[in-house]
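For reference, the chains in residue letters:
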Amino acid sequence: MAFRGHFEYSLDAKNRLTIPAKFRASFSDGLVLAKWLDPCVAIFTPDGFDRFNDSFIHDMHPLSSERRRLSRFFSGGAFDAELDSAGRVTLGAPLIEHGGIGKDVVVIGNVDHLEVWDRGRYAADQTDLPDQVARIAESLGHPS
């Protein structure tokens, strides 16, 4: 399943996030909560997280400092979890700190994973995103 959409939620007092109902079946075998490159938390299926890591780690020299750093960031900042019976998952303190996440959050689908953003931080990110996307798209040129 491709993850798409934008959903607004609030964390409860125990920092539990409700996963959008349409995505819960995708996480029936568990999920991986991970620090992401942007100030947010990524949520992958376990297989999706492994595929993501393999997409760049596989081609890197196993002893390179770059590989070690990337591996440390992604694997060291990732946590296996399960949904509870209400379709919720707890966001731990390291992830909340990394994302600067408060009570109100936005969950967005990003093709192969979900992202959890602090609602205010997400709104700020969206301010100049259309201009950035237009510049990126123009720089790609026309496929021939």
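Our structure is the block above this text.
Every value quoted in this text rests on a predicted model; they were computed, and no experiment measured them.

## Looking at a negative patch on the surface
Here is step 1: Taken together, the side chains of Asp29, Asp47, Asp50, Asp54, Asp80 and Glu82 define an acidic patch exposed on the protein surface.
Here is step 2: Looking at the secondary structure, you find Asp50 in helix α1 (residues 46-57).
Here is step 3: Residue Asp50 is classed as partly exposed on the basis of its relative accessible area of 44%.

## Topic: the pairing of strand β7 (residues 104-110)
Here is step 1: Of all 7 residues in β7, 5 are buried; the element is thus mostly enclosed.
Here is step 2: By the bridge criterion, 5 bridges tie strand β1 (residues 6-10) to β7 in an arrangement that is antiparallel. Across the sheet, the residue bridging to Ser10 is Asp104, located in β7.
Here is step 3: Linking two consecutive strands that pair antiparallel, namely β7 and strand β8 (residues 113-118), is a turn of 2 residues; a positive phi of about 65 degrees is found at Val111 within it.

## Concerning the side chain of Asn53
Here is step 1: For Asn53, the position within the fold is in helix α1.
Here is step 2: Asn53 gets classed as buried once you look at its relative accessible area, which sits at 10%.
Here is step 3: Those residues in contact with Asn53, other than ones at most four positions away along the chain, are His58, Phe74 and Ser75.

## Some words on unusual backbone geometry
Here is step 1: With phi around 60 degrees, Asn15 is a residue other than glycine that occupies positive phi space.
Here is step 2: Inspection of the secondary structure assignment puts Asn15 in the loop between β1 and β2 (16-18).
Here is step 3: By relative accessible area, which is 31% here, Asn15 ends up partly exposed.
Here is step 4: One non-glycine residue, Val111, lies in positive phi territory at about 65 degrees.
Here is step 5: With respect to the helices and strands, the residue Val111 is situated in the loop between β7 and β8.

Rules of the game
- Numbering of residues begins from 1 in every chain and follows the order in which that chain's sequence is written.
- Only residues with pLDDT of 70 or above have their local features reported here, since the model is predicted, and side-chain atom pairs are shown and tallied only from 80 upward, although totals for entire chains, interfaces and linings are computed over all residues.
- Side-chain numbers here rest on the full set of heavy atoms in the structure, without hydrogens or water.
- Nonpolar side chains (Val, Leu, Ile, Met, Phe, Trp, Tyr) within 5 Å and like charges within 9 Å form the patches, drawn only from residues with over 30% relative accessible area and no salt bridge.
- Calculation of accessible area relied on Shrake-Rupley with a 1.4 Å probe; when residues are assessed, cover is drawn exclusively from the protein chains displayed.
- Any Lys or Arg side-chain nitrogen located within 4 Å of an Asp or Glu carboxyl oxygen qualifies as a salt bridge.
- In this charge count, Lys and Arg are treated as positive and Asp and Glu as negative; neither His nor the chain ends contribute.
- Charge placement uses NZ in Lys and CZ in Arg. For Asp and Glu, CG and CD serve respectively.
- Each helix is a run of DSSP H or I of at least 4 residues and each strand a run of E of at least 2, with the numbering of both proceeding from the N terminus.
- Three exposure classes are used, based on accessible area relative to the maximum for each residue type with a 1.4 Å probe and protein chains only: buried under 20%, partly exposed in between, and exposed over 50%.
- Paired strands are those between which DSSP finds at least two bridges.
- Note on definitions: a residue-residue contact is assigned when non-hydrogen atoms from the two residues lie within 4.5 Å.

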